[in-house]
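Coordinate inspection notes
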Amino acid sequence: MKSKLTKALAVCLALAGPMLAAPAQAAVCDYIGFDKPCEVYGGSYRVLVPEGDGPFPVLMYLYGSGGHSISITDHPIFQETVVARGYALVVPEARDIVYYGYLRDTGWALRSDREPVRDEFAFLGRVVENVAQRFPIDRNRILIAGQSRGGFLTWEIACHKPDLGAAFAVHAAGYLGRLPERCARPVRLLHSHGLADTVVPLGSQPVFSGGNPLPALAETLDMMARSNGCRDSDPSEDRAFYEFARRSWADCSPGGGLDLMLHTGGHIMPPIWFRAVLDWFEEGPVTEFASKPATRVLGTERPAGLFKSVPARSGFSKPAPPTE
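A word on the nonpolar core
Judged by nonpolar contacts, the single largest core of 83 residues is most densely connected at Tyr61, Leu89, Leu143, Ile157 and Trp273. When neighbours within four sequence positions are excluded, Leu143 is seen to be in contact with Val58, Leu59, Met60, Ala167, Phe168, Ala169, Val277, Leu278, Trp280 and Phe281.

Pasting the structure below:
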């Protein structure tokens, strides 16, 4: 015996006719159990959407080496700090890559890789398009944030493919490889780093991942300040921002902004990082360069308010209370 939901969907599809013929990647995902991610050409992603009608701003998170999308969407810190704040959380899935010539683990392909396993710019563009088809997101308010190797990719996106997002936030990474003279256009970018980071140090290393140079962070930020048309090459004096020391570059070109947040820890960001990043994102104007009309795919929306809350897996502790 067919359920009421099955009958209702059958009626909707019959009325809609051929207009609802959807591509293969628009198949319904298992949002509640997270056992079946959303598929696009070249990979997959997982997503959590807040309750309500939207349109929702988006945090697209690119995790570090060895990560998995399910450990992000399952984690209470993302549910409580991102989704509960009214953001859709989009977590693309990294591919298996080879590190140091022999170690295989998940990771993002970078421009400096000798044999990239995937065109990440094209893949992430398909993810954005697919999410826009399924959910009421605000294409003008997509924040792309990355940690470690995901941060290296975020720097590359901000510099070479900025139309993928409205702003970019990086922790414990940099621009890997030879620095360009300038990036494609001005962007809003927040870089954060731990002073005690020994995995991706603040100073330059002659040879880093895959035999590529890692420029010193100061050189990388100077390049971005140039790209953003910031009036002064030197940032403001430190000011407290949660548990970070924050510096900002002044009088940048329209659409450009550059901030640095430093903390006393190492490679892993403090739990308050996500709250601080979203506060920073909401300080800036909403741009319109990324806006496109999206054709919704009916019947694929995730029921509002249904997401799984499970114990932490990936080493994050719960967020600290906000500071005044």
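From this point, the narrative continues.
Looking at unusual backbone geometry
Omega for the peptide link from Gly54 to Pro55 comes to 5°, which places this bond in the cis form. Mapped onto the fold, Pro55 is located in the loop between strand S2 (43-48) and strand S3 (56-62). In this model, Ser148 sits at a positive phi of 55°, which is unusual for a non-glycine residue. Within the element layout of this structure, Ser148 appears in the loop between strand S7 (137-147) and helix H5 (149-160). Phi angles above zero are rare outside glycine, and Asp251 is one such case at about 50°. Mapped onto the elements of the fold, Asp251 is located in the loop between strand S11 (244-248) and strand S12 (257-263). Under the relative-accessibility criterion, Asp251 is labelled partly exposed at 48%.

Things to note about the pattern of salt bridges
Evaluated as defined, the whole model comprises 13 salt bridges. A salt bridge links Glu282 to Arg85; its shortest N-O distance comes to 2.9 Å. Of this pair, Glu282 sits in helix H7 (residues 273-283) while Arg85 sits in the loop between helix H3 (76-83) and strand S4 (88-92), placing them 197 residues apart in sequence. Between Asp251 and Arg231 there is a salt bridge whose closest N-O contact spans 2.6 Å. Taken together, the residues span a long stretch of sequence, with Asp251 in the loop between S11 and S12 and Arg231 in the loop between helix H6 (217-227) and strand S10 (239-241) at a distance of 20 residues. Residue classification places Arg231 among the exposed residues on the basis of a relative accessible area of 57%. Through salt bridges that share partners, Arg85, Asp279 and Glu282 make up one connected network.

How each quantity is defined
Residues numbered from 1 in each chain as written. Predicted model: local features only at pLDDT ≥ 70, side-chain atom pairs only at ≥ 80, totals over all residues. Heavy atoms only, no water. Core = buried A, V, L, I, M, F, W, Y, C linked by side-chain atoms within 4.5 Å. Buried < 20%, exposed > 50% of the residue type's maximum accessible area, 1.4 Å probe, protein only. Contact = heavy atoms within 4.5 Å. Helix = DSSP H or I, 4+ residues; strand = E, 2+ residues; numbered from the N terminus. Salt bridge = Lys/Arg side-chain N within 4 Å of Asp/Glu carboxyl O.

Such coordinate-based values are descriptive only and should not be taken to indicate function.
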